[in-house]
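# Per-entry structural report
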Amino acid sequence: MTTSSSLQAQTLLERLGVSTALYTQGTLVARSPVDGAVMGQVVESTAADMQAVIGRAHAAFLQWRVIPAPKRGELVRVFGEVLRAHKADLAALVSLEAGKIASEGLGEVQEMIDICDFAVGLSRQLHGLTIASERPGHRMMEQWMPLGVVGIISAFNFPVAVWAWNAALALVAGDTCVWKPSEKTPLTALATQALFDKAVAAYVAAGHVAPEGLSQVLNGGAAVGEALVTDVRVPLISATGSTRMGRIVGPKVAARFGRCLLELGGNNALIVSDKADLDLAVRAIAFGAWGTAGQRCTTTRRVIAHHSVHDALVERLEKVRVQLKIGHPLQEGTLVGPLVDRLAFDAMQSALAQAKAQGGTVRGGERALATEMPEAYYAAPALVTMPAQTEVVCHETFAPILYVLKYSQLDEAIALQNGVPQGLSSAIFTTDIREAEAFMSAAGSDCGIANVNIGTSGAEIGGAFGGEKETGGGRESGSDAWRQYMRRVTNTVNYSNSLPLAQGVKFDV
Ligand code: NAD
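Residues numbered from 1 in each chain as written. Predicted model: local features only at pLDDT ≥ 70, side-chain atom pairs only at ≥ 80, totals over all residues.

This part takes up helix H9 (residues 222-229). What H9 keeps buried is the set Val-224, Gly-225, Ala-227, Leu-228 and Val-229. Structurally, H9 contributes buried residues whose contacts are with helix H3 (47-64), strand E5 (149-153), strand E6 (176-180), strand E8 (236-240) and helix H10 (243-255). (Buried ≥ 20, exposed ≤ 12 C-beta atoms within 10 Å, placed from the backbone. Helix = DSSP H or I, 4+ residues; strand = E, 2+ residues; numbered from the N terminus. Contact = placed C-beta atoms within 7 Å.)

The next point concerns the packing of helix H4 (residues 69-85) against helix H7 (residues 161-173). Where H4 meets H7, the closest approach of the two axes is 7 Å, and the angle between their N-to-C directions is 150°. Taken together, the axes of H4 and H7 are roughly antiparallel relative to one another. Across the interface between the two elements, Ala-69, Arg-72, Gly-73, Leu-75 and Val-76 from H4 touch Ala-168, Leu-171 and Val-172 from H7. Residues that form the contact of H4 with H7 fall into these classes: 6 nonpolar, 1 polar and 1 charged. (Axes fitted to C-alpha atoms, helices over the stretch in contact; angles between N-to-C directions. Parallel < 35°, antiparallel > 145°, perpendicular 65-115°, else oblique. Nonpolar A, V, L, I, M, F, W, Y, C, P; charged D, E, K, R; others polar.)

This part takes up the UniProt feature "active site" (unreviewed entry) in the chain. Cross-referencing UniProt, the feature "active site" (unreviewed entry) maps to Glu-263 in the present numbering. Mapped onto the elements of the fold, Glu-263 is located in strand E9 (residues 259-263). C-beta crowding within 10 Å serves as the criterion here: with 30 such atoms nearby, Glu-263 is assigned to the buried category. Sequence-distant contacts of Glu-263, that is, excluding residues within four places in its chain, are made with Thr-240, Gly-466, Gly-472, Gly-474 and Glu-476. (UniProt positions renumbered as here; feature names shortened; annotations may be inferred.)

All right, on to the sheet that holds E5 then. Across the sheet, which stays open at both edges, the 5 strands sit in the order E7-E6-E5-E8-E9 with parallel pairing between neighbours. Pairing within the sheet leaves two strands with one partner each, and these edge strands are strand E7 (215-217) and E9. Across the sheet, the mean angle from the axis of one strand to that of its neighbour is 15°, orientation sign disregarded. Inspection of the sheet shows E5 paired to E6 by 5 bridges, in the parallel sense. By the bridge assignment for E6, Val-149 is matched with Thr-176. Across the sheet, H7 lies against E5, E6, E7 and E8, angled at about 170° from E5, the strand it touches most. (Pairing = 2+ DSSP bridges.)

Turning next to the sheet that holds strand E4 (residues 138-146). Within a sheet, each strand pairs with its neighbour through backbone hydrogen bonds, oriented either parallel or antiparallel. Spatial strand order, E3-E4-E23: 3 strands in an open sheet with antiparallel pairing. At either margin of the open sheet sits one strand with a lone partner, and together these are strand E3 (130-131) and strand E23 (486-494). With 9 bridges joining them, E4 and E23 adopt antiparallel strand pairing. Residue pairing in the sheet places Trp-144 in a bridge with Arg-488 of E23.

Right, let's get into the site of the ligand. Around the ligand, 29 residues are found, and the nearest of them are Ala-155, Gly-225, Gly-241, Glu-263 and Cys-297. Elements with a minimum of two residues in the shell around the ligand: H9 and H10. Here the element with the most residues in the shell around the ligand is H9; it accounts for 4 residues. Here the residues of the shell around the ligand are counted per class, giving 13 nonpolar, 11 polar and 5 charged. Counting the residues that make up the shell around the ligand, at least three belong to each of domain 1 (46-264 + 472-490) and domain 2 (268-464). (Near = placed C-beta within 6 Å. Domains from an automatic or database assignment.)

Okay, the pairing of E6 next. Counting buried positions over the 5 residues of E6 gives 5, a clear majority of the element. Note that the unit made of E5, H7 and E6 has a crossover that is right-handed. Sheet analysis places E6 next to E7, joined by 3 bridges and oriented parallel. Pairing of Cys-177 across the sheet is with Ser-215, part of E7. Remark: the E6/helix H8 (residues 186-205)/E7 crossover connection has right-handed handedness. (Right-handed = clockwise from strand over helix to strand, strands pointing away.)

Once that is clear, we can look at H4. In this model, H4 (17 residues) spans 25 Å end to end at C-alpha, consistent with the 24 Å of a helix rising 1.5 Å per residue. Among the structural elements, H3, helix H5 (87-98), helix H6 (102-122), H7 and H8 are those in contact with the buried residues of H4. (Expected span 1.5 Å × (residues − 1).)

Per-residue confidence for the chain averages 97 on the pLDDT scale, and 99% of its residues sit at or above 70. Scoring of the predicted complex yields 0.98 for pTM and 0.99 for ipTM. (pLDDT = per-residue confidence, 0-100.)

Look at H4 against H8: their axes get within 9 Å of each other, and the N-to-C directions meet at 125°. The angle between H4 and H8 places the two elements in the oblique class. The two elements H4 and H8 meet at a crossing, and its hand is right-handed. Residues Glu-74, Leu-75, Val-78, Phe-79, Val-82 and Leu-83 of H4 lie in contact with H8, whose contacting residues are Leu-195, Phe-196, Lys-198, Ala-199, Val-200, Ala-202 and Tyr-203. Residues that form the contact of H4 with H8 fall into these classes: 11 nonpolar, no polar and 2 charged. (Left-handed = near helix turned anticlockwise from the far one by under 90°.)

Before going further, it helps to spend a moment on the domain arrangement of the chain. What the domain assignment lists for the chain is domain 1 (46-264 + 472-490) and domain 2 (268-464). Between domain 1 and domain 2, the contact holds 19 residues from the first and 16 residues from the second. Elements represented by at least two residues in the side of domain 1 that touches domain 2 include exactly H5 and H6. Considering every element that reaches the side of domain 1 that touches domain 2, the biggest residue donor is H6, with 6 residues. Of the residues assigned to the side of domain 1 that touches domain 2, the class counts are 7 nonpolar, 6 polar and 6 charged.

Even without being glycine, Phe-257 reaches a positive phi, approximately 60°. Following the sequence through the fold, Phe-257 ends up in the loop between H10 and E9.

This is the structure in structure tokens:
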């Protein structure tokens, strides 16, 4: 039966230039979390396809690496323009396939545009150092060289932005890309590939050289990802997803001495001090915990509140929680869309049951809109006060569950914040500069992101993004994350008439 999500998706895919054969004749079922409708049957990559795609990417790399970086940047600039022209359609498809509300779908495509702009600037700044040599008549310097084929494995909840964070940097660095998107979001990947192909055509039409296969997509499940992971022609694997996936992928890449950039699960906490501006804190927590239906790696999963503000904060959060509009993500006014599938809903129910058994008081969390959309899984956001940081609180449940804990001394709050296996994002709300600085100090938050008076959720592309411990240690996007997509070469040049050895070593022959 054709329902509204599948009709809408077909119109969007046509407008985005995706060939019908790619999403009507395959075996991978693309289902919308919005209403459970089947939006496409995507062609899955076979083992032979994978070999051919990786081979093509490697051949393209050999040509692309010698094209001057600013010229490579020009392709990324053109791609940014194509994205601007198709922003609304791609964003709507993200909403239908990942369940994000309209503004978040648009925000995701905006992130793609922003990283393109960032990468274009970077294409003229991939510079190394000149280093003082200890030997007379010598010069020492470092250069950053293109690395090779970058394998990008991405998660369902950022179906297009994560690819762009990697691909934009990889392309200006002189690398080529092979993308294995989440099997839950193959349509947005096909649409992104169609837009990228359009950009390449415009770039070539303007007189530039672009080898075939600069960026390609391989659709399918974990087995397709594994083919990338084990292939020695792919020197860098950038994998975004669960810690479970990272535990499998990391050692396999290490076993062949490949490079891994892992962006895995988070369990992000926000400390609310007795000196916090509670108005700001409530807004940050509500968006961070329940926005995107709790399906961001940076979602606020824990609030650690000073005992003197705990009850007032819980009361205010509960007032907000019950008013959040749950519904179709593209409907005006909706703030909370669906969970991605039934498994996600079941995991949420199981976590709430465990929280109760471990002494928690649960508000919300029940299924919503089951009559209107029986094939989809909407859930009321949950607010859970906990007597302690019990086992369930230490796990990432990818759903809108917020656990609230109490503290008395800041040290205790920081210990709780750091006392989980994950280390992605963290925040403190305080107007006290000593508390803020202590939180950001070496003895403070152990996460890759530590914010003051800003929530845990979301990040700007200008900073390096990623986290420690079970989050995987990778950094992508801004700052100097580009270096991971390149290899560093140290060059020493002797322009003297003698051959002095380093450290004064004598070896007279
Ligand atoms: P997932 O781990 O189920 O899947 C992620 C990707 O890995 C998919 O493309 C999947 O096909 C692939 N994969 C799974 N097993 C694999 C294997 N053995 N070999 C190769 N590839 C394999 O994650 P998900 O449910 O799509 O996404 C949610 C998770 O992703 C959450 O844990 C979330 O925190 C995390 N995430 C992290 C970040 C970050 O930047 N740190 C960003 C987004 C999502």
